[in-house]
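Overview (structure and organization)
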Amino acid sequence: MRIAEFGLERYFARWEFAVRHLLCASDVEAWRLDDLLALADDETARLWNDLRLGYTESTGHPLLRAEIATLYDSIGTEDVLVFAGAEEAIFCLSNVLLGPGDHAVVTWPGYQSLYEVGRAAGADLTLHELREADGWGLDPDRLIGSLRDETRLVVVNAPHNPTGMMPTHAEWRRLTDELAERGIHLLADEVYRFLEFDAADRLTAGADAIDRGVSLGVMSKSFALAGLRIGWLASRDRDLLARCAAFKDYTTICSSAPAEILALIGLRARDRVLARSRRIVEANLPLLDRFFADHADRWTWVRPRGGSIGFPRLLGDETADAFVARLVEAEGVLLLPGSVIGHDGNHVRIGFGREDLPTALAGLEQFMTEA
Ligand SMILES: Cc1ncc(COP(=O)(O)O)c(C=O)c1O
């Protein structure tokens, strides 16, 4: 398989562990192991202490699958397949559903593997472009207009990386009804689900919305446990999950035994885990609002509606690439220029899930004052 380089991951490989402040991370500040273990109930504490480090069940630990299923309304244990992060799930599903002669529609800009893997598998891809002028909103009619007879998959990421976009309930229903009618699979990338700033905006999960809906979840973002590398697909389409499980035999076979138990602990304690994530995000977002209001002559700011990242645009003559390069040199603060994800609008990705955001933002402020 030939596949284009993953621009964002190459960028992080260069910078993530070399800078003082990562102001473009998409995840929430990770839990300490001790703090997470303190949330274990009797059963999970026993599972952790008695853990044997052998191979695990390839579909995922049954208790973990059962716990994941409770995140949905219509999903049972058998409708969940566990992967090594969301990334492996995207890889397997795209390969299973897409090949030469097939077509898929994917929201864009976005997380590259959501379209690159399908493209590498030989499918024809339409990128459904979200536009700043529309508040980065999804346009269901335009998206539906791009469907073809050979469309096998529509991928929507919401809350969206990198804009924080979320469709309204009406837009979501319009799209999902149409896909149901046409029998097209939906991959709902919901890795930022539960970080909606207004809980009333939380969409019906893809897996609950339609028979061929597939929800993509992960412990990395809202659950602030990226290092576990535990993700999942949930769907009532068991035949599709079985094909993904068979494909996974060629990737990881099964998940890491310690990670599965730690994910189970985190999910069983999800009220506390998610409350912590929301606390961090809700403390940081007003600081960004103030920063962008103070610098409205230099930046646009479409306030995200969920998740932990936004996509402001740098105004003026300087390119976002040059600005970001000078900033990291001067202050050790890393932003991500849109060019890294193939977007040419002079935007940068800014993350607000980390606890050092006030310090990182002070570095950016200082840099702008001096510039
Ligand atoms: C929208 C989206 N989907 C999937 C992923 C992959 O998640 P993970 O790296 O935890 O596998 C990411 C990670 O940034 C993402 O932003």
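Our subject is the structure that appears above.
These lines cover the structure that appears in this document, whether it is placed above or below. Keep in mind the model is a prediction, meaning the values are calculated, not measured. (Residues numbered from 1 in each chain as written. Predicted model: local features only at pLDDT ≥ 70, side-chain atom pairs only at ≥ 80, totals over all residues. Heavy atoms only, no water.)

1. Concerning the state of the cysteines
Put simply, the rule reads: The definition used for a disulfide is geometric: two cysteine sulfur atoms within 2.5 Å. For every residue, the accessible area obtained with a 1.4 Å probe (protein chains only) is divided by the maximum for its type, and the residue is called buried under 20%, exposed over 50%, and partly exposed between those limits.
One pass over the full model with this rule turns up zero disulfides. Cys254 takes part in no disulfide bond, and the closest cysteine sulfur, belonging to Cys92, lies 13 Å away. The exposure class of Cys254 is buried, given its relative accessible area of 12%.

2. Regarding the nonpolar core
If you look at soluble globular proteins, the nonpolar side chains tend to sit buried side by side. Here is the rule we go by: By nonpolar core we mean a set of buried residues, namely Ala, Val, Leu, Ile, Met, Phe, Trp, Tyr and Cys, connected to one another through side-chain atoms within 4.5 Å. Each helix is a run of DSSP H or I of at least 4 residues and each strand a run of E of at least 2, with the numbering of both proceeding from the N terminus. Any pair of residues with heavy atoms lying within 4.5 Å of one another is described as a contacting pair.
Among the nonpolar cores identified, the biggest contains 89 residues, and Val154, Leu187, Leu233, Phe323, Leu335 and Leu364 are the most heavily contacted of them. Per-element tally for this core: the top contributor is helix α5 (residues 85-97), with seven residues. Beyond its immediate sequence surroundings of up to four residues, Leu335 is in contact with Tyr11, Leu23, Cys24, Phe323, Val324, Leu327, Val348, Arg349, Ile350 and Leu364.

3. With respect to the packing of helix α3 (residues 42-49) against helix α11 (residues 257-268)
The condition that has to hold: Axis lines are fitted to C-alpha atoms, over the contacting stretch for helices. Their N-to-C directions set the angle, which ranges from 0 to 180 degrees. Should an angle fall under 35 degrees it is called roughly parallel, over 145 degrees roughly antiparallel, and 65 to 115 degrees roughly perpendicular, with every other angle called oblique. Rotating anticlockwise by less than a right angle from the far helix to the near helix defines a left-handed crossing, while the corresponding clockwise rotation defines a right-handed one. Asp, Glu, Lys and Arg are counted as charged, while Ala, Val, Leu, Ile, Met, Phe, Trp, Tyr, Cys and Pro are counted as nonpolar; the rest, among them Gly, fall into the polar class.
At a minimum axis separation of 10 Å, α3 and α11 run at an interaxial angle of 165°. With respect to each other, α3 and α11 are oriented roughly antiparallel. Note that α3 runs across α11; the crossing there is left-handed. Of the residues in α11, those touching α3 at Glu43, Thr44, Leu47 and Trp48 are Pro258, Ile261, Leu262, Leu264, Ile265 and Arg268. Grouping the constituent residues of the contact of α3 with α11 by class yields seven nonpolar, one polar and two charged.

4. Looking at the sheet that holds strand β10 (residues 309-310)
Sheet strands associate in pairs through backbone hydrogen bonding, adopting either a parallel or an antiparallel arrangement. Note the cut-off: In short, DSSP must find at least two bridges between two strands for them to pair.
Read from one edge to the other, the open sheet built from three strands follows the order β10-β14-β13, with strand pairing classed as antiparallel. Every interior strand has two partners, whereas the edge strands, β10 and β13 (336-337), have only one. Sheet analysis places β13 next to strand β14 (residues 348-351), joined by two bridges and oriented antiparallel. What sits directly across from Pro337, in β14, is Val348.

5. Observations regarding helix α1 (residues 7-15)
Put simply, the test is: Here the arc refers to the directions that run from the helix axis out to each C-beta atom.
Leu8, Tyr11 and Phe12 are the residues of α1 that are buried. Here the buried residues of α1 occupy an arc of 95° about the axis, which is enough to place them on one side. Elements in contact with the buried residues of α1: β1 (21-22), α13 (320-331), β12 (333-334), β13 and β14.

6. Notes on the side chain of Lys221
Operational definition: Asp and Glu are treated as the negative residues and Lys and Arg as the positive ones, with His and the ends of the chain left uncounted. Between Lys or Arg on one side and Asp or Glu on the other, a salt bridge is scored when a side-chain nitrogen of the former is within 4 Å of a carboxyl oxygen of the latter.
With respect to the element layout, Lys221 can be found in the loop between β7 (213-218) and β8 (231-235). This buried residue, Lys221, is left without a salt bridge; Asp27 holds the nearest opposite charge, at 6.0 Å. When residues no more than four places from it in sequence are discounted, the contact partners of Lys221 are Ser26, Asp27, Val28, Val191 and Tyr192.

7. Notes on the site of the ligand
Rule in force here: We call a residue near a molecule or strand as soon as one heavy atom of that residue lies within 4 Å of the molecule or strand. We define a polar contact as two N or O atoms separated by no more than 3.5 Å, with the added condition that, inside protein, one atom must be a possible hydrogen donor and the other a possible acceptor, whereas residues neighbouring each other in sequence contribute only through side-chain atom pairs. Using a 1.4 Å probe, the Shrake-Rupley method yields the accessible areas, and only the shown protein chains count as cover for residues.
In the neighbourhood of the ligand, 15 residues make up the surrounding shell, with Asn161, Asp189, Tyr192, Ser220 and Lys221 lying closest. Measuring from an oxygen atom of the ligand, one finds a side-chain N or O atom of Lys221 at 2.6 Å. A total of 390 Å² of accessible area belongs to the ligand in isolation, and the protein chains cover 94% of it. Ranked by residues supplied to the shell around the ligand, first place goes to α5 with four residues. Grouping the amino acids of the shell around the ligand by side-chain chemistry returns six nonpolar, five polar and four charged.

8. Description of unusual backbone geometry
Following Ala158, the chain continues into Pro159 via a peptide bond in cis, with omega recorded as -10°. Among the secondary structure elements, Pro159 is positioned in the loop between β5 (151-157) and α8 (169-182). Across the junction of Asn161 and Pro162, the peptide omega takes the value 15°, indicating a cis bond. Even without glycine at this site, Phe194 takes up a positive phi of about 80°. Topologically, Phe194 is positioned in the loop between β6 (185-189) and α9 (206-209). Residue classification places Phe194 among the buried positions, given a relative accessible area of 12%.

9. Brief notes about the pairing of β5
Put simply, the test is: When the strands point away from the viewer, a crossover counts as right-handed if the route from the first strand across the helix to the second turns clockwise.
Counting buried positions along β5 gives six out of seven residues, so the element sits mostly inside the fold. The pairing of β5 with β6 spans five bridges and is classified as parallel. Counterpart to Leu153 in the pairing with β6 is His185. As for the winding sense of the linkage, the β-α-β connection from β5 through α8 to β6 is right-handed.

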